[in-house]
Number of protein chains: 2
Amino acid sequence: MLKEEDNKLKRTFKFKDFQEAFAFMTRVAFLAEAKNHHPDWSNSYDTVEIELTSHDAGNKVTKKDHDLANAIDKIIL
Amino acid sequence: MLKEEDNKLKRTFKFKDFQEAFAFMTRVAFLAEAKNHHPDWSNSYDTVEIELTSHDAGNKVTKKDHDLANAIDKIIL
């Protein structure tokens, strides 16, 4: 579950290795593109950090962020 | 060309949109996996920031970083 903090929804995901981490990122990328709402995110080897905020709403958490967060959470169930 | 700064090779890449940015990241991901040397990187929509350093050499820039940097530079020629 992504947690709200500083007007962002945030979560750090850990995987087995880089391949697993990047496979997850690829699935998130397709979701983000389909929803036309994109994460701010970083990756280092097995770790992916995601932050969601709505830049076009003045960097606040909106329904778009919650929708994408819910879809991301479903990937890793 | 990635530039050396603070014991890292760094560069910010700008693309047309998220699809182009993530397509580039996918190519870098395959290179990184093939070389077993992975970037620390972040993405926000059309922008990708890459930092390369050798964690296993005490966070210094090594030949592995230069090799990956050169391969990344060739992607976007």
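Residues numbered from 1 in each chain as written. Chains lettered and ligands numbered in written order. Predicted model: local features only at pLDDT ≥ 70, side-chain atom pairs only at ≥ 80, totals over all residues. Heavy atoms only, no water.

Helix and strand counts for chain A stand at 2 helices and 4 strands. Listed by position from the N terminus, the elements making up chain A come as β-β-α-β-β-α. Compactness check: chain A gives a C-alpha radius of gyration of 12 Å against a globular reference of 11 Å for 77 residues, within 12% of the reference. Overall, the C-alpha framework of chain A stretches about 35 × 25 × 20 Å when taken along its three principal axes. For chain A, with 77 residues in total, the buried portion stands at 43%. Across chain A, every contact between residues at least 6 apart in sequence was considered, and the portion connecting residues at least 24 apart equals 60%. Taking the average location of the 12 positive side-chain charges in chain A and that of its 14 negative ones, the two points are 4 Å from each other. (Helix = DSSP H or I, 4+ residues; strand = E, 2+ residues; numbered from the N terminus. Rg over C-alpha atoms; globule rule 2.2 N^0.38 Å. Buried < 20%, exposed > 50% of the residue type's maximum accessible area, 1.4 Å probe, protein only. Contact = heavy atoms within 4.5 Å. Lys, Arg positive; Asp, Glu negative; His and termini not counted. Charge placed at Lys NZ, Arg CZ, Asp CG, Glu CD.)

What follows covers the sheet that holds strand β3 (residues 40-44) of chain A. Spatial strand order, β1(A)-β2(A)-β4(A)-β3(A)-β3(B)-β4(B)-β2(B)-β1(B): 8 strands in an open sheet with antiparallel pairing. Looking at the sheet topology across the chains shown, the edges are occupied by β1 (3-5) of chain A together with β1 (3-5) of chain B. Strand-to-strand twist across the sheet, computed as the mean angle between neighbouring axes with direction ignored, equals 20°. By the bridge criterion, 6 bridges tie strand β2 (residues 8-14) of chain B to strand β4 (residues 47-52) of chain B in an arrangement that is antiparallel. Opposite T12 of chain B, over in β4 of chain B, you have E49 of chain B as the bridge partner. Sitting on the sheet, helix α1 (residues 18-35) of chain A touches β2 (8-14), β3 and β4 (47-52) of chain A together with β3 (40-44) of chain B, and the angle it makes with β3 of chain A is about 165°. With respect to the sheet, helix α1 (residues 18-35) of chain B is in contact with β3 of chain A together with β2, β3 and β4 of chain B, its orientation differing from that of β3 of chain B by roughly 165°. (Pairing = 2+ DSSP bridges. Axes fitted to C-alpha atoms, helices over the stretch in contact; angles between N-to-C directions.)

Relative to the assigned elements, D40 of chain A resides in strand β3. Notably, D40 of chain A is buried but unbridged: the nearest opposite-charge side chain belongs to K8 of chain A, and the N-O separation is 6.1 Å. Only 3.1 Å separates the side chain of D40 of chain A from the side chain of H55 of chain A, close enough to count as a polar contact. A distance of 2.6 Å separates polar atoms of two side chains, one belonging to D40 of chain A and the other to S44 of chain B. (Salt bridge = Lys/Arg side-chain N within 4 Å of Asp/Glu carboxyl O. Polar contact = N/O pair within 3.5 Å; in protein donor to acceptor, adjacent residues only side chain to side chain.)

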